[in-house]
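Structural overview for review
Single-letter residue listing:
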Amino acid sequence: MIVVDIGNSGLRAARVSDSLEESSKFPDQLDVFKLSWSAIGQQIHKAKPQTIDSTQERWSTLGDPDALRWLIRSVAQGENTPWRIASVHRHAQRHFASALQHEAIVADARWVTYRDLPITISVEHPERVGIDRLLAARAARHLLRLHSVPDGPSIVVQAGTALTVDWIDEKDRFQRGAILPGVGLSLQYMAAGTDQLPWLPSDRVHQAPPLPGKNTEQAIAAGVHAAVVGGASYLIDRYRAGHAVPVVISGGDGQLLRDAIEPPVYFQKHLVLLGLALPMAH
């Protein structure tokens, strides 16, 4: 089975076993193919950070048909296998569906929605909740059970284009949470909304940027790091209210948060993709 996560600044796709069972251990590694673009890059009239393609990652513009077909062919490897796809970006979803049709894969593609997940969603308008957040919550509960964590509330953090910090209550119900800009989006908005601040690449925001920043680049990196890590830490502390509630962290920038959060903390890089591999509700 092939699982695909369509986000606001890229796609992630991997081949997994046909369906992980409720007792299955998550694979230690996923062979992930990536297609990435800037979430708001067309609105930034400044020098773009240099990007480097690799055998498993390409940088493109949103909806580039050649790049989409490259990703599909790379992960499919010429085999006819079922696809499960989750999307939070309607425009990218339409382009990906067109590319699937071009590659004659449409009949095997299942577009996953909140109705497909065996999880109770206790929010206003469940259909408006990002499917990535629900899949991450589903996979996080599975991960905690694999680690023999007793049933109870948990916190799920997704550090991607947006940083989401969600609460799963003691009855395993998804209660939603908080959303703030992630590292890449923060850097892009800083560049787009100012006259002289440069557009920094995300890898300039690492575990411990120099403080005080002695130049503009260092100052931006220190500020964005503080906003993302500090914001997540503050929200987690409020959720925990003095109790040792487990936190599951995922997403491309999840490693930034891992060491800043008090235990118990668990990290799983591709939580959404793994959530897609778990059994569906029907």
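In this report, the structure presented in the accompanying data block is examined. (Residues numbered from 1 in each chain as written. Predicted model: local features only at pLDDT ≥ 70, side-chain atom pairs only at ≥ 80, totals over all residues. Heavy atoms only, no water.)

With that out of the way, let us pick up the pairing of strand S5 (residues 83-87). Among the 5 residues that make up S5, 5 are buried, leaving the element largely enclosed by the rest of the structure. With burial as the criterion, each face of S5 is covered, one bearing Trp 83, Ile 85 and Ser 87 and the other bearing Arg 84 and Ala 86. As defined by bridge partners, strand S1 (residues 2-6) adjoins S5 across 5 bridges and the pair is classed as parallel. What sits directly across from Val 4, in S5, is Ile 85. Pairing between S5 and strand S6 (residues 109-111): 3 bridges, direction parallel. Paired with Trp 83 across the bridge in S6 is Ala 109. The β-α-β motif built from S5, the intervening helix H2 (residues 90-102) and the parallel element S6 has right-handed crossover chirality. (Buried < 20%, exposed > 50% of the residue type's maximum accessible area, 1.4 Å probe, protein only. Helix = DSSP H or I, 4+ residues; strand = E, 2+ residues; numbered from the N terminus. Pairing = 2+ DSSP bridges. Right-handed = clockwise from strand over helix to strand, strands pointing away.)

There is about 220 Å³ of room inside the second largest pocket. Around the second largest pocket, the lining is made up of 13 residues, and of these Ser 38, Ile 40, Gly 41, Gln 42 and Leu 62 lie nearest the centre. (1 Å grid on protein atoms, 1.4 Å probe; cavity = no way out; pocket = protein on both sides within 12 Å on 5 of 7 lines; lining within 4 Å. Points joined across faces, edges and corners; volume = space filled by probe spheres on them.)

Grouped together as the largest cluster of nonpolar side chains are 38 residues, with contacts concentrated most on Leu 117, Leu 134 and Phe 174. When residues of this core are traced back to their parent elements, those giving at least two are helix H3 (131-146) and helix H7 (271-277). Sorting elements by how many residues they give to this core places H3 first, with 9 residues. The residues touching Leu 134, leaving out its near neighbours within four places in the chain, are Tyr 114, Leu 117, Ile 119, Ile 121, Val 129 and Phe 174. Judged by nonpolar contacts, the second largest core, of 27 residues, contains Ala 232, Ile 236, Val 245 and Phe 267. (Core = buried A, V, L, I, M, F, W, Y, C linked by side-chain atoms within 4.5 Å. Contact = heavy atoms within 4.5 Å.)

Turning next to the pairing of strand S2 (residues 10-15). When S1 meets S2, the two strands line up antiparallel, connected through 5 bridges. If you follow Val 4 over to S2, its bridge partner there is Ala 13. The hairpin formed by S1 and S2 contains 3 residues between the paired strands. Where S2 lies against strand S3 (residues 32-36), 5 bridges are found, and the strand directions are antiparallel. By the bridge assignment for S3, Ala 13 is matched with Phe 33.

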